[in-house]
2 protein chains.
Amino acid sequence: MLIFKKVEEIKKYLRPQQQAGKTIGFVPTMGYLHEGHLSLMRKAREECDLVVASIFVNPIQFGPGEDYDRYPRDLERDRKLAEEVGVDVLFVPEKEELYPPDYATYVEVERVSEGMCGASRPGHFRGVATVVTKLFNIVRPDRAYFGQKDAQQAVVIMQMVRDLNMDVEIRVLPVVREADGLAMSSRNVYLKGEERQAALVLYRTLKEAVELVRCGEKDPEKVRQFMADRVAAEPMARLDYAEVRQWPTLAVPTKLEGQILLALAVFIGQTRLIDNMVVEVP
Amino acid sequence: MLIFKKVEEIKKYLRPQQQAGKTIGFVPTMGYLHEGHLSLMRKAREECDLVVASIFVNPIQFGPGEDYDRYPRDLERDRKLAEEVGVDVLFVPEKEELYPPDYATYVEVERVSEGMCGASRPGHFRGVATVVTKLFNIVRPDRAYFGQKDAQQAVVIMQMVRDLNMDVEIRVLPVVREADGLAMSSRNVYLKGEERQAALVLYRTLKEAVELVRCGEKDPEKVRQFMADRVAAEPMARLDYAEVRQWPTLAVPTKLEGQILLALAVFIGQTRLIDNMVVEVP
């Protein structure tokens with residue numbers, strides 16, 4: 001596995017491969033890899049000639065007071081994991097390599113980036129859209145892989161790719177969970193003592209909400225309120241949002257029909273966790 | 001010369017050419033071609049294997065009350081001119097092809113797009129940066145050609161290309177002028193009767209300002225005021241802005257040193273014209 005830290009170096013390596021007709025699968029990550037990331041890399045390995053992954057804790061997608069500084073990092077461990085699942089090229093730029101001092105350009109995706117995580121984290125999706133645009137321009141992948149856990153992020157990226165005519169296929173793969181149902185997240189490492197158990201409230205609530213919808217509930221607000229109530233019943237949890245949206249448009253439904261996204265963001269102590277499920281309503 | 005109206009069709013034509021190693025020179029225009037545009041196309045013809053030009057009056061770079069609806073259009077004439085200078089591929093999308101109804105993504109270049117035309121035309125450079133990003137992603141040119149007449153636009157594009165790691169070389173070519181010095185512009189067609197003669201105030205003022213700087217004036221504000229006064233002396237002219245900036249950073253100089261951009265925007269009747277000169281101060 002090759003490791004590059006500089007934009008010009010990775011481009012110099014990749015362009016001749018692309019010119020030779022090799023397809024590139026790309027998995028952008030913030031590192032501290034878990035099975036969720038690895039599932040994306042394995043899929044890229046299956047589908048593409050060359051697998052490129054990036055590890056970059058993107059400062060501009062963190063708000064003031066968020067966890068940019070303490071976001072978990074372990075490059076040595078990440079390097080081994082990426083190599084094990086067959087990543088060919090790892091891109092690990094420094095902050096200054098992607099954002100030099102006179103940096104000034106941002107990509108904004110309107111509408112789908114409003115509400116949900118966009119409301120809780122102003123500027124977050126602007127930061128995501130910007131760094132993904134940069135990484136796509138550097139790597140020029142044929143396919144890029146994102147996790148369904150970050151459902152709104154996936155929608156923002158798909159909208160951006162369509163709108164800006166980016167020549168890349170976006171693949172969104174299922175949430176990967178721990179044995180007890182907790183969605184894999186680099187931030188799970190923040191959970192202390194009893195918080196780990198309390199964090200199961202997201203999975204449990206989503207499962208119950210899916211059940212409620214499957215049993216015939218058609219009123220989005222009732223499902224939303226049900227989720228909010230279930231989270232409120234967990235003493236260690238504080239609801240950030242419970243949302244019921246059309247998938248994958250994120251439109252606010254008046255009645256539950258078609259593909260429905262049930263999404264939660266919950267603080268467990270200081271740790272903000274997100275999770276979601278999509279349910280098909282006939 | 002091939003003409004494409006659809007994104008998928010031009011991509012389908014260009015990608016195999018690129019895969020075969022042909023270099024692509026790209027000239028994005030809003031049509032109603034004049035010698036300024038043609039000089040860009042001729043340079044692209046010299047430097048690249050395949051020359052692609054686009055004609056698209058980009059609605060999102062016009063503000064409310066600006067001249068989007070009456071912007072001059074003559075595709076038949078443009079087609080002939082482009083063919084004569086050796087354009088291989090002309091891309092002429094409809095508005096809906098680039099901006100479908102659910103369009104939501106915009107590229108913003110901060111700092112260099114503030115002031116000057118950015119102050120007079122809020123949202124203009126956001127529209128320019130967005131459409132150029134889209135066109136670059138569709139065409140994937142090796143080089144793209146812009147006129148120095150739109151000096152701030154050229155700086156915005158260069159900043160965007162650098163910031164977003166776009167794989168394209170930006171070439172900025174000199175202002176092309178009529179015999180009497182008026183900078184070529186599609187909007188010159190708006191000038192009625194005596195306005196055409198009055199429009200020479202831009203060229204004359206810039207030449208005199210260059211002379212003033214060459215004669216040793218080091219105070220940017222004095223040069224700016226000189227230009228404003230010269231424009232005010234023309235009864236048919238109304239100053240939009242007179243600016244003195246560092247080139248190509250657009251930084252506001254405290255003292256005239258290095259490459260200095262002298263830039264004017266002036267209304268002649270209803271018609272807003274821009275022009276500029278760069279002078280080297282030893």
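Keep in mind that this is a model prediction, so the values were computed, not measured.

What follows deals with helix α2 (residues 35–47) of chain A. Residues and elements named next belong to chain A. Spanning 13 residues, α2 covers 18 Å between terminal C-alpha atoms, matching the ideal 18 Å at 1.5 Å per step. For α2, the full list of buried residues reads Gly36, His37, Leu38, Ser39, Leu40, Met41 and Ala44. For α2, the elements touching its buried residues are β2 (24–29), β3 (50–55), α3 (75–84), β6 (143–147) and β7 (169–173).

All names here are of chain A. Within the open sheet, the 3 strands sit side by side as β8-β9-β10. Their pairing is antiparallel. At either margin of the open sheet sits one strand with a lone partner, and together these are β8 (237–246) and β10 (271–281). Across this sheet, the average inter-strand angle for adjacent strands is 15°, counted without regard to direction. Sheet analysis places strand β9 (residues 258–268) next to β10, joined by 11 bridges and oriented antiparallel. Residue pairing across strands places leucine 261 opposite valine 278, the latter belonging to β10. Packing of helix α10 (residues 220–232) onto the sheet brings it into contact with β8 and β9, and relative to β8 it is tilted by some 160°.

Here we take up the nonpolar core. Core analysis: the biggest nonpolar cluster contains 96 residues, and A:Phe136, A:Met160, B:Phe136 and B:Met160 have the highest contact counts within it. Setting aside anything within four residues of it in sequence, one finds A:Phe136 in contact with A:Phe26, A:Pro141, A:Ala144, A:Phe146, A:Val161, A:Met166, A:Val168 and A:Ile170.

So, about the side chain of A:Glu234. All names here are of chain A. Topologically, glutamate 234 is positioned in the loop between α10 and β8. One buried charged residue, glutamate 234, remains without a salt bridge, the closest side chain of opposite sign being arginine 204 at 4.2 Å. Among residues more than four places away in sequence, those in contact with glutamate 234 are Ala198, Val201 and Arg204.

Note that the residue after A:Trp247, namely A:Pro248, is joined by a cis bond; omega there is 0°. Along the chain, A:Pro248 turns up in the loop between β8 and β9. Positive phi values are uncommon outside glycine, yet B:Asn165 reaches one of about 55°. The exposure class assigned to B:Asn165 is buried, which follows from its relative accessible area of 10%. The phi dihedral of B:Leu250 falls on the positive side, at around 65°, and the residue is not glycine. With respect to the helices and strands, the residue B:Leu250 is situated in the loop between β8 (237–246) and β9 (258–268).

Let us now look at the packing of aromatic side chains. Applying the stated rule across the entire model yields 16 aromatic pairs over all chains. A centroid spacing of 5.6 Å and a plane angle of 35° characterise the contact between B:Phe4 and B:Tyr13, whose relative ring orientation is tilted. Judged by relative accessible area, B:Phe4 falls into the buried class, the value being 13%. A connected cluster of aromatic rings, assembled from ring pairs, spans A:Phe56, A:Tyr99, A:Tyr103 and A:Tyr106. Seen from the ring of A:Phe62, A:Arg121 lies directly overhead, with NZ or CZ sitting 5.9 Å from the centre. Positioned above the aromatic ring of A:Phe267, the side-chain terminus of A:Arg238 is 4.3 Å from the ring centre.

Often, the extent of an interface is quoted as the loss of accessible area on bringing the components together. Residue-level contacts link 33 residues of chain B with 33 residues of chain A. When chain B packs against chain A, the two sides together hide about 2900 Å² of surface, and 37% of this comes from carbon and sulfur. Inspection of the region where chain B meets chain A yields 6 salt bridges. Linking B:Asp167 and A:Lys11 is a salt bridge whose minimum nitrogen-to-oxygen distance equals 2.9 Å. Scanning the region where chain B abuts chain A turns up 29 residue pairs in polar contact (both at pLDDT 80 or more).

On to the side chain of B:Asn165, then. Within the fold, B:Asn165 resides in the loop between α7 (151–163) and β7 (169–173). There is a polar contact of 2.7 Å between the side chain of B:Asn165 and the side chain of A:Lys134.

With that settled, consider the relation of the copies chain B and chain A. Screw-axis analysis of chain B against chain A gives a translation of 0.0 Å along the axis, an RMSD of 0.0 Å, and a rotation angle of 180°. Both copies of the chain, as the preceding transformation shows, are related through a two-fold rotation axis. Ranked by how close their C-alpha atoms come to the rotation axis, the residues of chain B are headed by B:Val107, at 2.3 Å. Interface overlap between copies: 100% of the residues of chain B at the interface are likewise at the interface in chain A, consistent with a symmetric, same-surface contact.

Right, let's talk about the domain arrangement of chain A for a bit. All names here are of chain A. Under the domain assignment, chain A is made up of domain 1 (2–173) and domain 2 (186–277). One C-alpha centre belongs to domain 1, the other to domain 2, and the line joining them spans 26 Å. Opposite the 23 residues of domain 1 that make contact, domain 2 presents 18 residues. Interface area for domain 1 against domain 2, summed over the two sides, is near 1800 Å², with a carbon-plus-sulfur share of 56%. Area buried by domain 1 at its contact with domain 2 is led by Arg70, Met116 and Lys149, which between them contribute 32% of it. Our count for the domain 1 to domain 2 interface comes out at 1 salt bridge. Between aspartate 67 and arginine 187 there is a salt bridge whose closest N-O contact spans 2.7 Å. Applying the counting rule to domain 1 against domain 2 returns 9 residue pairs in polar contact (both at pLDDT 80 or more). The set of elements that each furnish at least two residues to the side of domain 1 that touches domain 2 consists of α5 (117–120) and α7 (151–163).

Helical geometry note: an α-helix holds 3.6 residues per turn, so side chains three or four residues apart project in the same direction. All names here are of chain A. With 16 residues, helix α6 (residues 124–139) extends 22 Å from end C-alpha to end C-alpha; this agrees with the ideal 22 Å at 1.5 Å per step. Counted residue by residue, α6 has 15 buried out of 16 residues, so it is predominantly covered. Positioned one or two residues after α6, arginine 140 has a phi angle of 50°, which is positive.

As a further point, take the environment of B:Gln18. Summarising the element assignment, B:Gln18 is placed in helix α1 (residues 7–19). Apart from residues no more than four positions distant in its own chain, B:Gln18 is found in contact with A:Gln19, B:Ile24, B:Val139 and B:Arg140.

Residue and element names in this part refer to chain A. In spatial order, the strands read β1-β4-β3-β2-β6-β7; together these 6 strands make up an open sheet with parallel pairing. For this open sheet the edge positions go to β1 (2–4) and β7, each flanked by a neighbour on one side alone. Between one strand and the next, the sheet's axes are offset by a mean angle of 25°, whatever the strand orientation. Pairing of β3 with strand β4 (residues 89–91), which is carried by 3 bridges, proceeds in the parallel orientation. Note on β4: the bridge partner recorded for valine 52 is valine 89. In the packing of α6 onto the sheet, the strands contacted are β2, β3, β4, β6 and β7, and the crossing angle to β2 comes to about 150°.

Rules and cut-offs
Residues numbered from 1 in each chain as written. Chains lettered and ligands numbered in written order. Predicted model: local features only at pLDDT ≥ 70, side-chain atom pairs only at ≥ 80, totals over all residues. Heavy atoms only, no water. Helix = DSSP H or I, 4+ residues; strand = E, 2+ residues; numbered from the N terminus. Expected span 1.5 Å × (residues − 1). Buried < 20%, exposed > 50% of the residue type's maximum accessible area, 1.4 Å probe, protein only. Contact = heavy atoms within 4.5 Å. Pairing = 2+ DSSP bridges. Axes fitted to C-alpha atoms, helices over the stretch in contact; angles between N-to-C directions. Core = buried A, V, L, I, M, F, W, Y, C linked by side-chain atoms within 4.5 Å. Lys, Arg positive; Asp, Glu negative; His and termini not counted. Salt bridge = Lys/Arg side-chain N within 4 Å of Asp/Glu carboxyl O. Phe/Tyr/Trp six-rings, centres within 6.5 Å; stacked < 30°, edge-to-face > 60°. Lys NZ or Arg CZ within 6 Å of the ring centre and 35° of its normal. Buried area = accessible area lost by both parts, 1.4 Å probe. Polar contact = N/O pair within 3.5 Å; in protein donor to acceptor, adjacent residues only side chain to side chain. Least-squares fit on C-alpha atoms with pLDDT ≥ 70 in both. Domains from an automatic or database assignment.

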